[in-house]
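# Observations on the model geometry
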Amino acid sequence: MGINYLYPDFEVHRDREKCITCRVCERQCANEVHSYDAESNRMVSDDTKCVNCHRCVSLCPTHALKIVKTNHGFKDNANWKGDVIQDIYRQADSGGVLLASMGTPKDYPVYWDKMLINASQVTNPSIDPLREPMETKTFLGQKSSKIRRDENGKLITKTDPQLALNIPIMFSAMSYGSISYNAHKSLALAAQKLGIFYNTGEGGLHEDFYQYGKNTIVQVASGRFGVHPEYLNAGAAIEIKMGQGAKPGIGGHLPGSKIGEDISKTRMIPEHADAISPAPHHDIYSIEDLRQLVYTLKEATAYTKPIIVKVAAVHNISAIASGIARSGADIIAIDGFRGGTGAAPARTRDNVGIPIELALASVDTRLRQEGIRNNVSLVVGGSIRSSADVIKAIALGADAIYIATSALLALGCHLCRTCQSGKCNWGIATQRPELVKRLNPEVGSERLVNLITAWNHEIKEMMGGMGINSIEALRGNRLMLRGIGLNETELQILGIAHAGQ
Amino acid sequence: MTTIDVGLKPFDELNREIRACTDDTLVLNDVNGQRYIGCALSNKNITINGTSGNAMGAYLDGCTITVNGNAQDATGDTMNDGMIIIHGSCGDAAGYSMRGGKIFIRDSAGYRSGIHMKAYEEKQPLIIIGDRAGSFLGEYLAGGTIIVLGLHQEGKAPVGYFCGTGMHGGKIYLRCDTLPSDLPQQVSSSDATQEDMQEISAHLESYCAIFDLDKEALLASHFYVLRPNSSTPYKMLYTNV
């Protein structure tokens, strides 16, 4: 065996004064960092295995533990930074593609943080949401721009199928397989309580979760795992996954090692065989082909459910969205490049795609210019971190937003970004029963409900501040936004003025 | 039995009629490429006289659809159960991602047949193509069986390029004397064993009966079998950040 060039990223600091050798840390760590040394009657740790997930820190009864980023490093170099060098060591060692998870940690501009929200002063009164009703109910689907009458001149009131949301926030797709049964159950329960929707991802729908169908979006991806007529009809809407913000242009791969009995049953594939979602859908090579899949899904569900087409935000997103808006799809979901993932090649995650803020603004503008904005609703995701991000997204033109990383954080995720290992100590991104049971779906769903309810309060508060009492009046209302520290091109794409203008 | 004279009827109207029909046997006459016929159906048998359009029998869940003519693209897309019989040829992407049921094609199939077909427990999908399949046959094959008989190929490989690329389950039987020249590394090929021939024989039973072929004569010829080299071909590709 050659020399290991990699120095541990983190150091486990244990306060010997406080440690009572209860061995909780040892039991809690699936990475096997902690162990008990009988000879010295002390806990010892193996820093090389630590992923900094804080499980031991949170559960240590005496706060004897903390995890510290190592200050050991290479000679300072602005070009060859430590992580760049280490990645080369890793690949030279293994010959493998670098695999990572969750959204990109790279320091790209976050445009949400470069936009400021307006408020009323003097000339138009702000509204107090405590006193006056504020409407956040949202309908997603095609909105007919024509009034239609039957042969007797009576109005035809039947509209295209719509998704009704109490709050314009949904949980975006995470498959059963990438996350655990209890994580899925938490999302399903919370969606039901909140009157919103969660999304199955491409892993099929577990038989226990058919009961939450009214609050479920079922996904159809290139692998078509677990897709059959009963599944398609179980949900409130169907999402065709063409792409994902964290890995635009590539498919998915759930390794055979993660496909146990239950996952195998839900995906309807053999145990321990790789589940591969090809990069494209091989029955979709054009907008015409996409239209065909949209219509097979409409036919399969007798035109009762809206069809969502989810794409990653890429360079030509506005032209792509224009095509999708003409394909018969009811909703376009766009996932920005900061969106999370259970596993993706690091180079793709960190370098492919564009920020959701710019994609959203450019798509909304393009669809308006072409007079087809009402053909579809727009849902955006890819790192929406707060109610302020939600407000900004809606003001840029989104009908609703998708969250996933925020939802996982609510469930206890600490963003250690090692989902791909399948050893999530918080019971979220794992299939190991002893880890899964650490996440209580009742508690988890309550935390999700708390988060969304809090955001909704804040959204109403800020809407009221702008003198707006209906989310409809905020949608695409870019006058409510100003840029800060943005250049001309950025302002032009976002369609907003600079602060002070 | 209900008969519908299709003519130039729009597809949505036709399919609404099919869904609403209480009869379990339908005959569609003069079909002119209407799309999505029998999509997700499970309780009716349909005979199509004419040319069926794209995505016929998508998500099919237990019917028999017989086409007296040719079928267009994406026949039996993501099919779950049932049977599709085509007395002619079919276009591209037949049986894409199908998980169960059977597709019998008398003549040839276009590109991308049986891509990402998969099997699960009692669901073991089967595609039999009488003459020749285009390129990309059985790409990403994860389960089930594809048989290509090469009836008019005189022993040449009855498939186009890139047969079985990314294959990680299932098998492909080719009735021919020479293998495709560009088989990818994920595919291992061998002569069909006696056990394989028994399986082929069982699969050909109803196919030969339907299309009036001499099964024994077919079985007397040479078959190759293509299998994946590993069910986890992607295992060694990664290293964690």
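Because the structure is predicted, anything quoted here is derived from the model rather than measured.

This part is about the pairing of strand β4 (residues 61-68) of chain B. Residue and element names in this part refer to chain B. By the bridge criterion, four bridges tie strand β3 (residues 45-51) to β4 in an arrangement that is parallel. Paired with Asn-49 across the strands is Asn-68, a residue of β4. Note: β4 against strand β5 (residues 81-86), five bridges, orientation parallel. Residue pairing for β5: Asp-61 is matched across the bridge by Asp-81.

All names here are of chain B. A positive phi angle, close to 60°, is found at Tyr-36, a residue other than glycine. Along the chain, Tyr-36 turns up in the loop between β2 (25-32) and β3. Classification of Tyr-36 as buried rests on a relative accessible area of 2%. Non-glycine residue Thr-78 carries a positive phi angle of around 55°.

A word on empty space enclosed by the protein. Residues and elements named next belong to chain A. This structure, assessed with the given rule, holds six cavities of 30 Å³ or more. Roughly 180 Å³ of internal volume is contained in the largest cavity. Lining the largest cavity are 19 residues, with Cys-413, Cys-416, Cys-419, Cys-424 and Ala-429 positioned closest to its centre. Partitioned by chemical class, the residues of the lining of the largest cavity number twelve nonpolar, five polar and two charged. Two domains each provide a minimum of three residues to the lining of the largest cavity, namely domain 1 (10-96) and domain 2 (115-142 + 166-498). Of the volumes computed, that of the second largest cavity is approximately 110 Å³. Along its surface, the second largest cavity is lined by 15 residues, and Ser-222, Lys-241, Met-242, Ile-250 and Gly-251 are the ones closest to its centre. For the lining of the second largest cavity, a count of residues per class yields five nonpolar, seven polar and three charged.

In this section: the sheet that holds strand β12 (residues 238-240) of chain B. The three strands lie next to each other as β17(A)-β5(A)-β12(B), forming an open sheet whose pairing is mixed. Every interior strand has two partners, whereas the edge strands, β17 (344-345) of chain A together with β12 of chain B, have only one. When strand β5 (residues 97-100) of chain A meets β17 of chain A, the two strands line up antiparallel, connected through two bridges. Residue pairing in the sheet places Ala-100 of chain A in a bridge with Ala-344 of chain A of β17 of chain A.

In this fold, Thr-239 of chain B is placed in strand β12. Side-chain polar atoms of Thr-239 of chain B contact the side chain of Ser-94 of chain A, separated by 3.4 Å. Those residues in contact with Thr-239 of chain B, other than ones at most four positions away along the chain, are Arg-90, Gln-91, Ser-94, Gly-96, Val-97, Leu-98 and Leu-99 of chain A.

Once that is clear, we can look at the domain arrangement of chain A. Residues and elements named next belong to chain A. Partitioning chain A into structural domains gives domain 1 (10-96) and domain 2 (115-142 + 166-498). Each partner contributes to the interface: domain 1 provides twelve residues, whereas domain 2 provides ten residues. Here domain 1 packs against domain 2, burying approximately 1,000 Å² in sum over the two surfaces, 48% of which is carbon and sulfur. Connecting domain 1 to domain 2 are one salt bridge. Between Asp-87 and Arg-347 there is a salt bridge; the shortest N-O distance is 3.4 Å. Secondary structure elements with two or more residues in the side of domain 1 that touches domain 2: α1 (24-28) and α2 (55-59).

Now for the sheet that holds strand β15 (residues 307-312) of chain A. Residue and element names in this part refer to chain A. With parallel pairing, eight strands are arranged side by side in an open sheet as β9-β19-β18-β16-β15-β12-β11-β10. With partners counted over all chains shown, the strands left at the sheet margins are β9 (169-171) and β10 (198-199), one partner each. Pairing between β10 and strand β11 (residues 216-220): two bridges, direction parallel. From the neighbouring strand, Asn-199 faces β11, where its bridge partner is Ile-217. Lying on the sheet, helix α10 (residues 356-369) is in contact with β16 (331-335) and β18 (377-381); it crosses β18 at an angle near 170°.

Each value, and the rule that gives it
- Residues numbered from 1 in each chain as written.
- Chains lettered and ligands numbered in written order.
- Predicted model: local features only at pLDDT ≥ 70, side-chain atom pairs only at ≥ 80, totals over all residues.
- Heavy atoms only, no water.
- Pairing = 2+ DSSP bridges.
- Helix = DSSP H or I, 4+ residues; strand = E, 2+ residues; numbered from the N terminus.
- Buried < 20%, exposed > 50% of the residue type's maximum accessible area, 1.4 Å probe, protein only.
- 1 Å grid on protein atoms, 1.4 Å probe; cavity = no way out; pocket = protein on both sides within 12 Å on 5 of 7 lines; lining within 4 Å.
- Points joined across faces, edges and corners; volume = space filled by probe spheres on them.
- Nonpolar A, V, L, I, M, F, W, Y, C, P; charged D, E, K, R; others polar.
- Domains from an automatic or database assignment.
- Polar contact = N/O pair within 3.5 Å; in protein donor to acceptor, adjacent residues only side chain to side chain.
- Contact = heavy atoms within 4.5 Å.
- Buried area = accessible area lost by both parts, 1.4 Å probe.
- Salt bridge = Lys/Arg side-chain N within 4 Å of Asp/Glu carboxyl O.
- Axes fitted to C-alpha atoms, helices over the stretch in contact; angles between N-to-C directions.

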